[in-house]
Amino acid sequence: MQPDTARMPDPESRSSGDSWMTRQLDAALAGLDGLDQLEPAEHVARFDAVHSALTEALSSIDKV
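Cut-offs used in this document
- Residues numbered from 1 in each chain as written.
- Predicted model: local features only at pLDDT ≥ 70, side-chain atom pairs only at ≥ 80, totals over all residues.
- Heavy atoms only, no water.
- Helix = DSSP H or I, 4+ residues; strand = E, 2+ residues; numbered from the N terminus.
- Areas by Shrake-Rupley, 256 points an atom, 1.4 Å probe, with all protein chains shown as cover.
- Buried < 20%, exposed > 50% of the residue type's maximum accessible area, 1.4 Å probe, protein only.
- Contact = heavy atoms within 4.5 Å.
- Polar contact = N/O pair within 3.5 Å; in protein donor to acceptor, adjacent residues only side chain to side chain.
- pLDDT = per-residue confidence, 0-100.

Asks: Now, about the overall build of the chain: what can you tell me, with residues and values included?
Replies: In terms of helices and strands, the chain carries 2 helices and 0 strands. Of the roughly 5,300 Å² of accessible surface on the chain, a fraction of 56% belongs to carbon and sulfur atoms.

In structure tokens:
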């Protein structure tokens with residue numbers, strides 16, 4: 001019996017999707033770089049920005 005290839009993900013598109021997701025997550029986490037150089041009061045804005053970026057990236061998983 002042959003696998004139903006219409007339902008199987010294309011390995012190339014999956015790879016590029018994974019690469020795109022990795023870039024999105026890396027860019028989001030880069031917002032935490034240099035956090036130790038900032039005053040604690042400035043941390044909240046950075047955490048909020050990273051949280052928003054991660055939320056957006058993770059919500060797009062279904063579209064990969």
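On we go from here.
Asks: Explain the environment of S52 to me, and be specific about the residues and the numbers.
Replies: By the element assignment, S52 lies in helix 2 (residues 40-59). In this structure S52 comes out as partly exposed when scored by relative accessible area, which is 47%. Put simply, S52 and A28 are 24 residues apart on the chain and 8.5 Å apart in space, counted from C-alpha to C-alpha.

Asks: I'd love a proper account of the environment of R46, names of residues and values included.
Replies: As for its placement among the helices and strands, R46 is situated in helix 2. Placed 13 residues apart in sequence, R46 and D33 show a C-alpha to C-alpha distance of 9.5 Å. Apart from residues lying up to four places away in sequence, R46 is in contact with G31, L32, D33, L35 and L38. In terms of polar contacts, R46 uses its side chain to reach the backbone carbonyl oxygen of D33, at 2.9 Å.

Asks: Describe the confidence of the model for the chain, and please don't skip the residues or the numbers.
Replies: Any residue range with low pLDDT should be treated as having predicted coordinates unsuitable for detailed reading. In this model, the chain carries a mean pLDDT of 76, and residues with pLDDT of at least 70 account for 70%. Every residue in residues 1-14 scores below 50 in pLDDT, and together they form 1 contact with partners more than four places removed in sequence or on other chains.

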